[in-house]
Amino acid sequence: MHTGRCLCGAVHFSASDVESQYHACHCGMCRRWGGSPMFAVPAESVAFSGTENLARYKSSQWAERGFCRLCGSHLFYYLAPAEQYFMAVGTFDDPTPFALSREIFVDHKPADYSFAGDLERWTEAQTLAHFSSNDEDG
Ligand SMILES: [Zn+2]
Ligand SMILES: [Zn+2]
């Protein structure tokens, strides 16, 4: 069982099934939302406490972005058609089980920084092809 919380502690979550590898999303919406790329890890069976302070912003036809109403911590991207959570890696109490393995929307990445290492790098077209036509980012 993995647990995590927002900065102020008003919202906690647990997830019983979290993948070991996470991605960095360089899409314009993630960068605007967080001010930087979003590090997100796919998770199943996610449960929240303090939901009165958990806001869900419908950022597109197919996705919601969750954050704490009190401190503004970004907690997840939720892909509605797949009922799939992508939890913000930095919100886990213990992030050590997770490793960055992939960049997505890499053709949207600004030129002034890059991540080192032998990562998978998917363009927008490759990302959309992987997640299928309904599952694009947003
Ligand atoms: Zn908070
Ligand atoms: Zn994104």
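Residues numbered from 1 in each chain as written. Chains lettered and ligands numbered in written order. Predicted model: local features only at pLDDT ≥ 70, side-chain atom pairs only at ≥ 80, totals over all residues.

Draft legend 1. Just the overall build of the chain, in detail. Secondary structure assignment for the chain yields two helices and 10 strands. In terms of overall dimensions, the chain is globule-like: its C-alpha atoms have a radius of gyration of 14 Å, near the 14 Å expected for 138 residues. Judged by the C-alpha coordinates and their principal axes, the chain covers about 35 × 35 × 25 Å. The buried share of the chain, taken over its 138 residues, is 33%. Considering only intrachain contacts with a sequence separation of at least 6, the fraction spanning at least 24 residues in the chain is 53%. (Helix = DSSP H or I, 4+ residues; strand = E, 2+ residues; numbered from the N terminus. Rg over C-alpha atoms; globule rule 2.2 N^0.38 Å. Buried ≥ 20, exposed ≤ 12 C-beta atoms within 10 Å, placed from the backbone. Contact = placed C-beta atoms within 7 Å.)

Draft legend 2. Fine view of the nonpolar core. Counting 32 residues, the largest nonpolar core has Cys-25, Ala-40, Leu-75, Phe-76, Tyr-77 and Met-87 as its most contacted members. Those elements giving two or more residues to this core turn out to be strand E2 (12-18), strand E3 (21-25), strand E4 (38-49), strand E6 (63-68), strand E7 (74-79) and strand E8 (84-88). The leading source of residues in this core is E4, at six residues. If sequence neighbours within four positions are ignored, Tyr-77 has contacts with Met-38, Ala-40, Ala-63, Arg-65 and Phe-86. (Core = buried A, V, L, I, M, F, W, Y, C linked by C-beta atoms within 7 Å.)

Draft legend 3. Quick peek at unusual backbone geometry. Positioned with a positive phi, Glu-83 is a non-glycine residue whose angle comes to about 50°. Checked against the element boundaries, Glu-83 lands in the loop between E7 and E8. By C-beta crowding, Glu-83 is classed as exposed, having 8 other C-beta atoms within 10 Å. In this model, Phe-105 sits at a positive phi of 55°, which is unusual for a non-glycine residue. With 27 C-beta atoms packed within 10 Å, Phe-105 lands in the buried category.

Draft legend 4. Up close: the pairing of E2. By the bridge criterion, four bridges tie strand E1 (residues 2-5) to E2 in an arrangement that is antiparallel. Bridge assignment links Thr-3 to a residue of E2, and that residue is Ser-14. Between the end of E1 and the start of E2, which pair antiparallel, lie six residues, with Gly-9 showing a positive phi angle near 90°. Summarising the sheet, E2 and E4 pair through six bridges and their orientation is antiparallel. The residue bridging Phe-13 from the neighbouring strand is Phe-48, located in E4. (Pairing = 2+ DSSP bridges.)

Draft legend 5. Here's a closer look at the environment of Ala-129. Its location among the elements puts Ala-129 in helix H2 (residues 124-131). Its 12 C-beta neighbours within 10 Å are what place Ala-129 among the exposed residues. For the pair Ala-129 and Gly-4, spaced 125 residues apart in the sequence, the C-alpha separation amounts to 31 Å.

Draft legend 6. Quick peek at the environment of Phe-76. The topology assignment puts Phe-76 in strand E7. Measuring from C-alpha to C-alpha, the distance between Phe-76 and Ala-43 comes to 9.8 Å, with 33 residues separating the pair along the chain. With sequence-adjacent residues up to four places away left out, Phe-76 is seen in contact with Gly-66, Tyr-85, Phe-86, Met-87 and Ala-88.

Draft legend 7. Spatial organisation of the pairing of strand E9 (residues 99-104). Sheet topology places E3 next to E9; five bridges connect them, and they run parallel. Its bridge partner being in E9, Tyr-22 is matched across the sheet by Leu-100. Pairing geometry for E9 and strand E10 (residues 120-121), over two bridges, is parallel. When the sheet's bridge partners are listed, Arg-102 is paired in E10 with Glu-120.

In short, shape yes, function no, at least from these values alone.
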